[in-house]
Amino acid sequence: MQPVDAERRLQAWLAEATGRDDVTLGPLLTGGNSNVTRLIETREGRLVLRHPPVNVISDKAAAGIEREYRVISALAGRAPVPKAVAWCSDTDVIGQPFAVTEWVEGVALTEHLPAGWPDTDETVNQLGLAMVEGIGHVHAVDWQDVLPADFARPEGFVQRQVERWLKVRAADRVRDLPLLEEIGAWLLANQPAAGRASVIHCDFHLDNCLVAPDRPELRVILDWEMATLGDPLIDLGLCLFFWQRDPAAELGFPFVQGLTNRPGALPARALAEHWSAVTGFGHEHIDYYIVFAAWRLAAIVEGAWVLHARGKEDSAYSRGLERDVPALLKEAAAILEKGKVR
């Protein structure tokens, strides 16, 4: 399918499905590593298009976009998610299934606060509290009220993940990572009793949020293609792992939520307590889930380093994994040694 033909088909489909007039395709938007995000201009206002890369034929990628659309549709009005507008499963339109959501005016943050914002600990702390409060509203939703029983298996998620990634990394190995195996074994041997299952994002941190352009207020949580059901401490564990890290240490992915790496920020425990106040759930096992989050991230992204080492991928991201993966594992091991959350 020629790009011009695909754009015409898409414009026609959008006009019919959304009832919008003067539909034009805008530029690609940043954010979201695995899927394409594109602005749509209409007379009635902006929309956002999400789909897998058009040159990638992958049932998994298409399923992720559909999963994202199902989840944000289910959480509408209950949690800070983009408003679902339309879903297209017809691959004759652009070659891939795609989703359309409403545009949300906001900014994504990584290493720096926006220009003009007070560069203070209080600003960062407000962002942290808003972040965990937002995901807390997601976790507080009873998934059985909004999703079908066959959406995902809520029980045993952590064990399945640890066993899966240990097996994958053992079968597809290009370097020695003893901490991957050691921490994986520890995670299997020390699993806490599971709490109530919730919808979980599975890649939750500040960078996957949009905040108001002029103040530390959460607008929406983005990138739901990995969403599933499991212990909500999985999400809390990842964003707290990235919270208030030592900027002088060797960090894996130092840019992720990097603006929170300041000594005057609230302790992670305070954010966990705020999350508990929002959800009504305890967080006594948060240390375990912080370690799990760091370990799981390292185990997953090692796959991109494997591709790089075999000459199948070459990018700044994949090259950086030479140090990022071992650094993530060392951070997880250091948390285990301390025996407590930062």
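Residues numbered from 1 in each chain as written. Predicted model: local features only at pLDDT ≥ 70, side-chain atom pairs only at ≥ 80, totals over all residues. Heavy atoms only, no water.

S.K.: Honestly, the environment of Gly-264 in this entry has me stumped. Any pointers?
M.R.: Counting through the fold element by element, Gly-264 comes out in the loop between helix 7 (233-241) and helix 8 (268-279). Once the C-alpha coordinates of Gly-264 and Asp-121 are considered, the two residues, 143 residues apart in sequence, prove to be 5.6 Å apart. (Helix = DSSP H or I, 4+ residues; strand = E, 2+ residues; numbered from the N terminus.)

S.K.: Mind showing me how you'd approach empty space enclosed by the protein here?
M.R.: It is the rolling of a water-molecule-sized probe over the atoms that shows where space remains empty. Tallied over the entire structure, the rule returns one cavity of 30 Å³ or more. In this model, the largest cavity occupies a volume close to 30 Å³. Considering the residues around the largest cavity, the lining is formed by Leu-127, Ala-130, Met-131, Leu-206, Val-211, Pro-216, Glu-217 and Leu-218. Ranked by residue count, the leading element in the lining of the largest cavity is helix 3 (residues 121-140), at three residues. (1 Å grid on protein atoms, 1.4 Å probe; cavity = no way out; pocket = protein on both sides within 12 Å on 5 of 7 lines; lining within 4 Å. Points joined across faces, edges and corners; volume = space filled by probe spheres on them.)

S.K.: What should I look at first to understand helix 7 in this one?
M.R.: One turn of an α-helix holds 3.6 residues; hence residues three or four places apart share an orientation. Burial within helix 7 is extensive, with nine of its nine residues counted as buried. Where helix 7 is concerned, the buried positions are Leu-233, Ile-234, Asp-235, Leu-236, Gly-237, Leu-238, Cys-239, Leu-240 and Phe-241. Structurally, helix 7 contributes buried residues whose contacts are with helix 3, helix 5 (157-171), strand 6 (198-200), helix 8, helix 9 (286-309) and helix 10 (316-338). (Buried < 20%, exposed > 50% of the residue type's maximum accessible area, 1.4 Å probe, protein only. Contact = heavy atoms within 4.5 Å.)

S.K.: I would appreciate a short explanation of the sheet that holds strand 4 (residues 84-88) in the present structure.
M.R.: Remark on secondary structure: sheet strands pair via backbone hydrogen bonds, oriented parallel or antiparallel. Spatially, the five strands line up as an open sheet ordered 1-2-3-5-4, and their pairing is antiparallel. Edge positions in the open sheet fall to strand 1 (24-28) and strand 4, since each of these has one partner strand only. Shown here is a sheet whose adjacent strand axes are inclined to one another by a mean of 25°, direction ignored. Alignment of strand 3 (residues 47-51) against strand 5 (residues 98-102), held across four bridges, turns out to be antiparallel. Counterpart to Val-48 in the pairing with strand 5 is Thr-101. (Pairing = 2+ DSSP bridges. Axes fitted to C-alpha atoms, helices over the stretch in contact; angles between N-to-C directions.)

S.K.: Looking at this structure, I do not really get the packing of aromatic side chains. What am I missing?
M.R.: Centre-to-centre distance and the angle between the planes together describe a pair of aromatic rings. All chains considered together, the criterion is met by eight aromatic pairs. Here Phe-253 and Tyr-317 contribute two aromatic rings whose centre-to-centre distance is 6.1 Å and whose plane-to-plane angle is 5°, an arrangement assigned as stacked. With Phe-253 in the loop between helix 7 and helix 8 and Tyr-317 in helix 10, this pair connects stretches of sequence that are 64 residues apart. Accessibility expressed as a relative area gives 6% for Phe-253, which makes it buried. Ring centres 5.3 Å apart and planes at 75° place the aromatic pair Tyr-288 and Tyr-289 in the edge-to-face group. Its relative accessible area of 5% is what places Tyr-288 among the buried residues. Since its relative accessible area comes to 3%, Tyr-289 is described here as buried. What links up through ring pairs into an aromatic cluster is the set Trp-186, Tyr-288 and Tyr-289. We note Arg-46 situated over the ring of Trp-103; from NZ or CZ to the ring centre the distance is 5.1 Å. We note Arg-67 situated over the ring of Phe-151; from NZ or CZ to the ring centre the distance is 4.8 Å. (Phe/Tyr/Trp six-rings, centres within 6.5 Å; stacked < 30°, edge-to-face > 60°. Lys NZ or Arg CZ within 6 Å of the ring centre and 35° of its normal.)

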